[in-house]
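Understanding the architecture of this molecule
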Amino acid sequence: MLVPTSLETSHAGQRPKLEIRGLSKAFSSPSGPVQALAPFSLCLNKGDFLCVVGPSGCGKTTLLNVVAGFETPTTGTATLDGKLIRGPGAERGVVFQQGALFNWMSVLENVAFGPRSCGINAAEARGRAMELLELVGLGAFAAKYPYQLSGGMQQRVGIARALANDPDILLMDEPFAALDQQTRELLQEEIRRIWKTTGKTVMWITHSIEEALFLATHIIVMTSRPGRTKAAFTSSFTHSDDPYIASSPEFAAAKRVIVGLLRSEAKEAQRLEVAE
Ligand SMILES: Nc1ncnc2c1ncn2[C@@H]1O[C@H](COP(=O)(O)OP(=O)(O)OP(=O)(O)O)[C@@H](O)[C@H]1O
Ligand SMILES: [Mg+2]
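This one's a predicted model, so the numbers in the text were calculated from it and none came from an experiment. Sequence order sets the numbering: in each chain, residues are counted from 1 along the sequence as written. Numbering of ligands from 1 and lettering of chains from A proceed in the order in which they are written. Where local features are concerned, this predicted model is filtered to residues with pLDDT of at least 70; where side-chain atom pairs are given and counted, the filter is 80 or more; whole-chain, interface and lining totals use all residues. Here the side-chain values reflect all heavy atoms present in the structure, with hydrogen atoms and water set aside.

1. A word on the side chain of T217
The test is simple: A run of H or I in DSSP becomes a helix once it reaches four residues, and a run of E becomes a strand once it reaches two; helices and strands are each numbered from the N terminus. Here a polar contact is taken to be a pair of N or O atoms separated by no more than 3.5 Å, where protein atoms must pair a possible hydrogen donor with a possible acceptor and residues adjacent in sequence count only if both atoms sit in side chains. By definition, residues are in contact when any of their heavy atoms lie within 4.5 Å.
Assignment of secondary structure puts T217 in the loop between α6 (209-215) and β10 (218-222). Looking at T217, its side chain comes within polar contact range of the main-chain nitrogen of F49, at 2.8 Å. Not counting residues within four places of it along the chain, the set of residues in contact with T217 comprises D48, F49, W195, F233, T234, S235, T238 and H239.

See below:
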């Protein structure tokens with residue numbers, strides 16, 4: 001079930017885990033300023049799984065980068081547990097679309113790298129890394145190097161690495177975009193299991209509406225650039241035990257709602273591209 005909601009203020013009577021307030025971002029470019037994000041607000045509670053969908057170029061990665069601390073907002077603020085985000089931090093685990101593993105380190109060393117950097121001793125860091133590799137189903141591959149793994153396995157290492165610092169929030173920018181459909185569906189089931197096991201808060205960017213409906217407790221559809229929330233929903237398909245939920249009439253109806261919202265925004269995004 002997809003139910004319209006507002007995520008602009010705190011929901012369910014809880015103090016938000018992540019609070020984005022009046023946030024906007026403009027970049028300067030040789031042809032003048034590019035307004036990537038229009039001022040908007042968004043609240044996420046602990047344990048929420050937010051999927052962000054929106055047309056290409058609407059500012060999704062920019063939003064994630066601000067929350068990750070890689071970009072500073074032009075206006076407004078992003079706070080985690082009431083603390084202003086000013087730069088990257090171990091309490092935010094980031095997974096990119098692909099790559100980003102250290103090819104010269106074993107899989108185990110890649111996952112242990114974060115805890116080691118935080119001053120945890122080698123034995124403990126390796127122990128924690130091994131537990132996480134088991135969690136993502138890669139215990140047997142600990143001694144391998146990233147280039148010896150398939151794309152799907154590398155993304156699982158990336159997820160284990162992001163979990164290694166026991167972050168409060170996972171920030172994922174289209175982590176499964178480069179994978180084939182079968183691998184992608186298996187990993188979606190796996191990430192849902194990991195999310196349910198760990199109770200982490202997740203912000204997940206995707207172009208796949210099915211993926212968003214399968215995973216999310218909350219979905220925002222963004223407008224074309226400058227991006228802001230066009231519509232927000234709570235979604236309950238992630239709680240279903242039905243393995244064929246994606247074939248249900250309710251799922252199809254929910255998909256139509258999101259497709260309808262995205263279609264008009266995609267047209268606007270294309271018009272902007274032509275105009276530039
Ligand atoms: N460092 C930068 N300098 C100038 N413009 C930028 C910079 N980063 C992003 N932009 C612009 O900001 C806008 C939003 O980019 P962003 O990468 O956030 O979009 P997106 O929604 O993630 O797109 P996609 O779905 O294609 O990944 C785009 O018009 C992009 O060209
Ligand atoms: Mg992007």
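2. Regarding the packing of aromatic side chains
Just so we agree on the cut-off: We call Phe, Tyr and Trp rings a pair once their centres come within 6.5 Å, taking the six-membered ring for Trp, and we label the pair stacked below 30 degrees between planes, edge-to-face above 60, and tilted otherwise. Think of it in three bands: with a 1.4 Å probe and only protein chains considered, a residue is buried below 20% of the maximum accessible area for its type, exposed above 50%, and partly exposed in between.
Per the stated rule, a full pass over the model turns up eight aromatic pairs. Centroid distance F49 to W195: 5.5 Å. Interplanar angle 85 degrees. Geometry classified as edge-to-face. Note that F49 is positioned in strand β4 (residues 49-53) and W195 in helix α5 (residues 181-198), a separation of 146 residues in sequence. Exposure remark for F49: the relative accessible area of 1% places this residue in the buried category. Accessibility expressed as a relative area gives 8% for W195, which makes it buried. Within the aromatic cluster, the residues linked to one another by ring pairs are F49, F176, W195 and W204.

3. Regarding the domain arrangement of the protein chain
Convention followed: Domain start and stop positions are those given by an automatic or database domain assignment. Put simply, buried area is the surface a 1.4 Å probe can reach on two separate parts but cannot reach once they are joined, added for both. Counted as salt bridges are all cases of a side-chain nitrogen of Lys or Arg within 4 Å of a carboxyl oxygen of Asp or Glu.
Domain annotation for the protein chain reports domain 1 (2-91 + 167-275) and domain 2 (103-165). For domain 1 versus domain 2, the separation of C-alpha centres amounts to 26 Å. Across the contact, 15 residues belong to domain 1 and 11 residues belong to domain 2. Carbon and sulfur atoms make up 75% of the area that domain 1 and domain 2 hide from each other, which totals about 1,100 Å². Broken down residue by residue, the surface that domain 1 buries against domain 2 is led by A90, P167 and I194, which jointly contribute 33%. Our enumeration of links across domain 1 and domain 2 arrives at one salt bridge. Of the charged contacts, one joins E190 and R156 as a salt bridge, the two residues approaching to 3.2 Å between their closest N and O atoms. One can count three residue pairs in polar contact (both at pLDDT 80 or more) joining domain 1 with domain 2. When residues of the side of domain 1 that touches domain 2 are traced back to their parent elements, those giving at least two are β8 (169-173) and α5.

4. So, the sheet that holds strand β3 (residues 32-44)
Rule in force here: A pair of strands is labelled paired if DSSP reports no fewer than 2 bridges between them. A fitted line through C-alpha atoms serves as each axis, taken over the contacting stretch for helices, and the angle formed by two N-to-C directions is quoted from 0 to 180°.
Pairing in this open sheet of four strands is antiparallel, and the strands run β3-β2-β5-β6 from one edge to the other. At either margin of the open sheet sits one strand with a lone partner, and together these are β3 and β6 (83-84). Two elements, strand β2 (residues 18-29) and β3, share nine bridges in a ladder whose sense is antiparallel. Along β3, the bridge assignment pairs L23 with F40. Against the sheet, helix α1 (residues 60-68) makes contact with β2, β3 and β5 (75-80), and its axis sits at roughly 115 degrees relative to β2, the strand it touches most.

5. Brief notes about the layout of surface pockets
Just so we agree on the cut-off: Within this scheme a cavity is a closed region of a 1 Å grid, computed over the protein atoms alone, that accommodates a 1.4 Å probe without allowing it to escape, whereas a pocket is open but has protein on both sides within 12 Å along at least five of seven lines; lining residues each have an atom within 4 Å of a point. Grid points are joined across faces, edges and corners, and a volume is the space filled by probe spheres set on the points. For this classification, the nonpolar set comprises Ala, Val, Leu, Ile, Met, Phe, Trp, Tyr, Cys and Pro, the charged set comprises Asp, Glu, Lys and Arg, and every other residue, Gly included, is treated as polar.
A volume near 410 Å³ is recorded for the largest pocket. If you go around the largest pocket, you meet 19 residues; those closest to its centre are R92, G93, V94, R161 and N165. Looking at the lining of the largest pocket, the elements with two or more residues in it are β7 (92-95), α2 (107-117) and α4 (151-163). Class assignment of the residues belonging to the lining of the largest pocket gives a composition of 11 nonpolar, six polar and two charged.

6. Some remarks on the side chain of S24
Checked against the element boundaries, S24 lands in strand β2. A relative accessible area of 4% means that S24 is categorised as buried. What S24 contacts, discounting residues up to four positions off in sequence, is Q35, L37, A38, P39, P73, T74 and T75.

7. Side note on the pattern of salt bridges
Here the structure, examined in full by the defined rule, presents nine salt bridges. The shortest N-O distance in the salt bridge between R21 and E19 comes to 3.0 Å. Taking relative accessible area as the criterion, E19 reaches 26% and is therefore assigned partly exposed. In this structure, the salt-bridge partner of E91 is R92, at a minimum N-O distance of 2.9 Å. For E91, a relative accessible area of 30% gives the class partly exposed. For R92, a relative accessible area of 8% translates into the label buried.

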